[in-house]
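Observations on chain architecture
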Amino acid sequence: MPQILENNLTFNGSFTTRSSTTRIVVHHSASDIDTTIEDIHNWHLNNGWSGIGYHYIIYADGTIYRGRPEKVKGAHAYQDSTHEANTNGIGICLIGDFTSSKPTNTQMTSLIWLIKNIWTRYPNISVIRHSDVMSTACPGSSFPWSELKLKLAEEVIDIVLEKWMVEGGQKALKELENKGLVNNPENWSSESELAEYVPAYLFWMMMNRLAEYKA
Ligand SMILES: [Zn+2]
């Protein structure tokens, strides 16, 4: 299971909090596969920025590092004031140059995990390429964009299905409670506990069967 590692970077100056967050922008570093977060941080410091412009970095081995704090304005997708995605976008950079090579499978798995993780804080925001908001090749012509979009669509279906099943389970539980079949509903009905601990589909099936049985 991937996780987000904190960086050891020293930033130069302060950040501005984004007023809105409507998209995730995917980049490549357009550099060697062994480029580190410190390298990028130094390049961006040399641009006169506060430090690394991306919010997340993903190495070829799938390691995810936090760059800037997630809620602050990044420095990764500026074209002009009407097209820029810095004011409303979270920047993710995959290490590598995908004009000629592809990201590793582990890197793509981490990317999908990270997007889903961001979606828990910013539900359903769109995912775009840097080239969608700026005339750039980033994240490279070999980046498997349509595959990523397809996988994300499947993830969205799973998220919606899970929500539907948990809601179905809660509705069925309420019915059981009304019928006096569940005598201590507060042990069951905490929404977060349901979502976190109960395999949703099993719960949904069980509750619906019980509700049917009584009816
Ligand atoms: Zn880019």
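Our next topic: helix α1 (residues 37-46). What α1 keeps buried is the set I37, I40, H41 and H44. Looking straight down α1, one finds its buried side chains confined to an arc of 105°; they lie on one side. Buried residues belonging to α1 abut β3 (56-58) and β4 (64-66). The first or second residue beyond α1 is G48, which carries a positive phi of 90°.

This next bit is on the packing of aromatic side chains. Per the stated rule, a full pass over the model turns up four aromatic pairs. Geometrically, the ring pair formed by F98 and F143 is tilted, given 6.1 Å between the ring centres and 50° between the ring planes. Of the two residues, F98 sits in the loop between β5 (89-94) and α2 (105-119) while F143 sits in the loop between β6 (126-129) and α3 (145-178), which places them 45 residues apart along the sequence. The buried category is assigned to F98, whose relative accessible area is 1%. With centroids separated by 6.0 Å and ring planes inclined at 45°, the aromatic side chains of F143 and W145 adopt a geometry described as tilted. The exposure class assigned to F143 is buried, which follows from its relative accessible area of 6%. Among the aromatic residues, those joined into a cluster by ring pairs are F98, F143 and W145.

Another aspect to go through is the sheet that holds strand β2 (residues 23-28). Here we have six strands laid out as an open sheet, ordered β1-β4-β3-β5-β2-β6, and mixed in their pairing. Where the open sheet ends on each side, the last strands, each with one partner, are β1 (4-5) and β6. Lying on the sheet, α2 is in contact with β1, β2, β3, β4, β5 and β6; it crosses β5 at an angle near 165°.

With that settled, the discussion passes to the coordination of the zinc ion. For the zinc ion, the protein coordination sphere consists of H27 (ND1), H130 (ND1) and C138 (SG), at 2.0 to 2.3 Å. Each donor residue of the zinc ion belongs to the same chain, with the gaps between them written as H-x102-H-x7-C. In terms of burial, H130 and C138 fall into one category: buried.

Taken together, the side chains of D32, D34, E38 and D39 make up a negatively charged region of the molecular surface. Structurally, the position occupied by D34 is in the loop between β2 and α1. For D34, a relative accessible area of 59% corresponds to the exposed category.

Considering all chains together, one arrives at five salt bridges under this definition. With a shortest N-O distance of 2.9 Å, K116 and E155 are connected by a salt bridge. One end of the pair, K116, is in helix α2; the other, E155, is in helix α3, and 39 residues separate them in sequence. Judged by its relative accessible area of 33%, K116 falls in the partly exposed class. On the basis of relative accessibility, which here comes to 18%, the residue E155 falls in the buried class.

Take the state of the cysteines next. Within the structure shown, the criterion is met by zero disulfides. Take C93: it sits in no disulfide, and the sulfur closest to it among the cysteines is that of C138, at 6.9 Å. Exposure remark for C93: the relative accessible area of 0% places this residue in the buried category. Judged by relative accessible area, which is 6%, C138 ranks as buried.

Before going further, it helps to examine unusual backbone geometry. In this model, C138 is joined to P139 through a cis peptide bond whose omega is 5°. Assignment of secondary structure puts P139 in the loop between β6 and α3. Positive phi, close to 55°, is recorded for A30, a residue that is not glycine. Turning to its location among the elements, A30 is positioned in the loop between β2 and α1.

A separate point is the side chain of H76. Mapped onto the elements of the fold, H76 is located in the loop between β4 and β5. Of the residues examined, H76 reaches a relative accessible area of 8% and is grouped as buried. A polar atom in the side chain of H76 sits 3.4 Å from the backbone nitrogen of G91. Setting aside its immediate chain neighbours within four residues, H76 contacts V25, H27, G53, Y54, H55, A85, N86, G89, I90, G91 and H130.

Calculation notes
- Residues numbered from 1 in each chain as written.
- Predicted model: local features only at pLDDT ≥ 70, side-chain atom pairs only at ≥ 80, totals over all residues.
- Heavy atoms only, no water.
- Buried < 20%, exposed > 50% of the residue type's maximum accessible area, 1.4 Å probe, protein only.
- Helix = DSSP H or I, 4+ residues; strand = E, 2+ residues; numbered from the N terminus.
- Arc of directions from axis to C-beta.
- Contact = heavy atoms within 4.5 Å.
- Phe/Tyr/Trp six-rings, centres within 6.5 Å; stacked < 30°, edge-to-face > 60°.
- Pairing = 2+ DSSP bridges.
- Axes fitted to C-alpha atoms, helices over the stretch in contact; angles between N-to-C directions.
- Donors = N, O, S within 2.8 Å, 3.2 Å for Na, K, Ca; no water.
- Patch = residues over 30% accessible without salt bridge, like charges linked within 9 Å, V, L, I, M, F, W, Y side chains within 5 Å.
- Areas by Shrake-Rupley, 256 points an atom, 1.4 Å probe, with all protein chains shown as cover.
- Salt bridge = Lys/Arg side-chain N within 4 Å of Asp/Glu carboxyl O.
- Lys, Arg positive; Asp, Glu negative; His and termini not counted.
- Charge placed at Lys NZ, Arg CZ, Asp CG, Glu CD.
- Disulfide = S-S within 2.5 Å.
- Polar contact = N/O pair within 3.5 Å; in protein donor to acceptor, adjacent residues only side chain to side chain.

Function-wise, these values are silent; they only describe arrangement.
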